[in-house]
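Each chain, letter by letter, is given below.
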Amino acid sequence: METNPSLLIIIAFFLHCLMPLSVTARGTNITTDQDALLSLKAHITHDPNNLLAKNWSTNSSICNWIGFTCGGVRNHRVTALNISYLGLGGTIPSQLGQLSSLQILDVSNNEFSGIIPSSIFNISTLESIDFSVNQFSGSFPSIIFNLSSLSYIDLSENRLSGGLPENVFSYLPNLETLFLFNNELDGEIPTTLSECKELQYLALSNNYFTGAIPKQIGNLTKMKTIYLGGNKLQGEIPQELGNLVELELLSLLTNGLTGTIPSVIFNLSSLTTLHFTNNSLTGTLPDNICQHLPFLEVFGLSLNQFTGPIPYNLWQCRGVRMLSLSFNQFTGSVPRSIGNLTLINELYLGYNKLIGEIPEELGNLIKLEKLSLPKGALTGSIPSVIFNLSSLIGLDFSNNSLRGGLPNNMCQHLPVLEGIFHGKIMNYLVQSRTICGSVGSFVFLTLEGNQFTGSIPRDIGNLTSVTVVYLGFNHLTGEMPNEIGNLPNLEQLRLNSNNFIGSVPTAIFNISTMIELSLADNKLSGILPPIIELPNLERYRIQLFLRLYSQQSRRFKKPPVAGIINPAHLSDFGTSKLLSEDESMTQTQTLATIGYMAPVRKKPTDEIFAEERSLKQLVSESLRSSVMEVVDKNLLWREDEHFAAKECASSIMSLAMECTEESPKKGINTKVMVPKLLKIRDTLLANLEMVKGRRGSKLN
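Engineer: Describe the side chain of Gln 492, with residues and values.
Structural biologist: The topology assignment puts Gln 492 in strand S36 (residues 492-494). Here Tyr 470 takes part through its side chain, which lies 2.3 Å from a polar atom of the side chain of Gln 492. The residues contacting Gln 492, other than those within four sequence positions of it, are Thr 467, Val 468, Val 469, Tyr 470, Met 514 and Glu 516.

Structural data, given as structure tokens:
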């Protein structure tokens with residue numbers, strides 16, 4: 001075919017005319033992107049590594065700048081902006097919306113603040129937005145946008161507030177991920193969320209969302225994870241969630257949900273995590289609960305109102321790694337079949353109404369790290385096989401009716417054990433000679449409120465990582481070992497209400513990490529050291545209590561008074577003796593209180609104690625009117641303004657009055673006082689759990 005020369009000339013001339021226009025258009029686009037990015041640079045006020053000042057320069061193409069990716073030759077535009085984890089601070093300018101070819105925008109894990117510009121949502125090519133872990137404030141961008149390309153939104157861990165517009169999700173047909181957790185958003189969850197048919201990952205935890213869980217979520221059949229915990233959601237769990245056949249994780253913890261768990265949820269065979277902790281759910285658990293949950297790994301039901309027995313067939317959830325059923329009203333015994341959950345790491349069954357013995361089969365749980373069975377009515381002894389579980393980190397059998405002793409070789413197979421809790425009301429636990437002195441990782445030792453006898457082993461000084469030692473309210477004798485002073489991380493030491501003799505090891509007063517020291521109600525003697533180094537001893541919440549008896553205390557008509565020592569004056573004691581050693585004296589010299597008296601926070605030199613008025617009289621008079629006039633308000637939480645906490649404070653003050661009777665015959669016996677204190681504590685804890693149930697918790 002013959003070419004027409006005239007046609008070729010015309011085409012060549014036409015292309016020649018278009019070239020300047022093309023170059024001009026491309027130059028304008030590149031310039032627009034550069035202007036937008038220079039505006040961003042101008043709004044950045046904190047650049048710890050000085051990266052932007054060195055790299056974002058007009059001397060080089062913006063496609064070579066750190067954090068930017070440009071498209072190909074045909075579209076030489078910025079397609080990705082990723083400046084995450086650079087520690088940048090400042091604000092985001094509206095000019096960023098001019099990056100009209102942008103597909104990925106990631107400014108996460110910085111210190112940006114201010115509002116998120118709505119102009120960003122005009123970028124029709126945008127696929128992924130990540131503004132998480134910053135300090136953005138203001139409301140959720142309310143502009144109605146039609147971003148059919150957007151599949152990922154992460155605005156979590158900021159300070160966004162206000163509600164979500166009802167129609168905000170009506171224009172995001174391809175959205176797969178929506179993370180808004182750890183903000184201050186409120187109002188109801190929009191029902192239009194169900195229009196995001198491609199949604200797979202939803203996290204709205206730790207906000208202030210109210211109302212019911214939209215049943216329309218049950219239409220999102222591609223959903224894999226749902227985090228709605230830490231809000232103020234109410235009502236029942238929708239039956240429609242049973243339609244989510246691909247669901248792997250459902251977390252609804254720490255809300256105000258009521259009713260029962262829909263049985264259809266236990267048919268979702270793809271589930272790995274079920275978390276309903278800290279709600280007001282009721283009912284019993286079906287015995288076949290695990291029949292259709294072969295992949296379940298985490299099952300949390302704590303802090304609810306479930307009743308009935310623990311399902312025997314829990315063993316069918318063979319993949320379970322964490323089982324938490326504590327703080328409910330489960331009855332019956334601990335199922336022996338739990339011993340078949342050989343992959344389990346954490347088992348929490350305490351604070352229920354469980355009875356019977358601890359099953360020997362728990363010794364089969366070779367991967368168990370934490371075993372918690374407190375506050376029940378368990379009897380019998382602790383199976384010795386449990387002390388062969390080498391992976392154990394923590395043991396808690398406190399507040400039961402267990403008996404028997406702890407094996408002398410209990411630490412032989414527990415190389416990573418960090419804590420033992422055998423607390424109060426284990427009435428028959430008897431002598432044990434070991435305190436796991438060979439375990440360097442030991443952190444918590446709680447054996448108070450038992451009937452341990454004998455002395456404290458000196459190898460307690462080997463617990464160099466221990467922070468808490470509670471051995472009070474036992475029948476321990478002998479002297480306090482000097483080796484306690486070798487515990488450099490010790491924060492709380494309770495050796496009160498035993499039969500210790502001798503002086504207090506001076507090294508104890510040099511443990512700079514000490515927050516609480518309780519040595520009261522023993523048979524100690526001697527003097528305090530001239531210098532006491534306890535800089536972290538807390539001023540109000542925890543004080544230093546000492547009751548020191550001289551060797552001749554039995555001859556005295558009046559027992560010594562327990563001194564409450566302010567830490568704000570410990571060095572003021574100097575070398576003065578605590579008690580007189582003059583056998584001819586008919587009364588002891590009481591330990592003077594230095595500084596403020598806790599928890600009343602009054603000085604002995606205050607004008608209120610003029611003439612013959614004493615601290616005891618002040619408290620006695622106030623108890624007849626208002627205990628709140630007596631108690632130091634620094635001891636009260638905000639929630640303690642409620643009647644229950646006031647009643648608790650009044651009860652403690654009344655009990656304290658009984659303890660200060662001058663005549664030993666009139667004074668309350670320790671054995672009578674302890675149960676009363678425990679009853680006051682349990683009443684307060686029960687009420688505080690109700691308060692705690694309204695609080696949010698961090699998303700795991």
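Engineer: Account for the sheet that holds strand S25 (residues 353-357), naming residues and giving values.
Structural biologist: An order of S21-S23-S25-S27 is seen for the 4 strands of this open sheet, with the pairing classed as parallel. The two strands at the open ends of the sheet, each matched to only one other strand, are strand S21 (307-309) and strand S27 (377-379). This sheet shows a mean twist of 15° between the axes of neighbouring strands, independent of strand direction. Bridging between S21 and strand S23 (residues 329-333) involves 3 bridges; their strand directions are parallel. Across the sheet, Thr 307 pairs through a bridge with Gln 329, a residue of S23.

Engineer: Give a description of the state of the cysteines that names residues and reports values.
Structural biologist: Applying the stated rule across the entire model yields 2 disulfides. Disulfide partner of Cys 63: Cys 70, at an S-S distance of 2.0 Å. The chirality of the disulfide connecting Cys 63 with Cys 70 is left-handed, given an S-S dihedral of about -95°. The side chain of Cys 290 participates in a disulfide bridge whose partner is Cys 317; the two sulfur atoms lie 1.9 Å from each other. Across the S-S bond linking Cys 290 and Cys 317, the dihedral sits near -105°, which makes this disulfide left-handed.

Engineer: Lay out the packing of aromatic side chains in plain terms, naming residues and giving numbers.
Structural biologist: Overall, the coordinates contain 9 aromatic pairs when judged by the stated rule. Measuring from centroid to centroid gives 5.3 Å for Phe 131 and Phe 136, while their planes differ by 40°, and the two rings are tilted. Each member of the pair, Phe 131 together with Phe 136, is buried. One aromatic cluster is present, built from ring pairs that chain together Trp 56, Trp 65 and Phe 68. Over the ring of Tyr 470 we find Arg 494, and its NZ or CZ is 3.9 Å from the ring centre.

Calculation rules
Along each chain, residue indices are assigned from 1 in the same order as the chain's sequence is written. Totals for whole chains, interfaces and linings use all residues, but because this is a predicted model, local features are given only for residues with pLDDT of at least 70 and pairs of side-chain atoms are given and counted only at 80 or more. Here the side-chain values reflect all heavy atoms present in the structure, with hydrogen atoms and water set aside. Strands here are runs of E lasting at least two residues and helices are runs of H or I lasting at least four, both read from the DSSP assignment and numbered beginning at the N terminus. We call two N or O atoms a polar contact when they sit within 3.5 Å, provided that within protein one can donate a hydrogen and the other can accept it, with sequence-adjacent residues counted only if both atoms are side-chain atoms. We call two residues in contact when some of their heavy atoms are within 4.5 Å. A strand pair is defined by DSSP finding two or more bridges across the two strands. Angles shown run from 0 to 180 degrees and are taken between the N-to-C directions of axes, each axis being a line fitted to C-alpha atoms and, for helices, limited to the stretch in contact. Two cysteine sulfur atoms make up a disulfide if the distance between them is within 2.5 Å. Only the six-membered ring of Trp is used, alongside the rings of Phe and Tyr, when aromatic pairs are assigned; centres must lie within 6.5 Å, and planes under 30 degrees apart are stacked while those over 60 apart are edge-to-face, with the rest tilted. Only protein chains enter the accessibility calculation, which uses a 1.4 Å probe; a residue whose area is less than 20% of its type maximum is buried, one above 50% is exposed, and one in between is partly exposed. For a lysine, the NZ atom is tested; for an arginine, the CZ atom; a charge sits over a ring if that atom is within 6 Å of the ring centre and within 35 degrees of the ring normal.

Everything listed here is a matter of geometry and, on its own, says nothing about what the molecule does.
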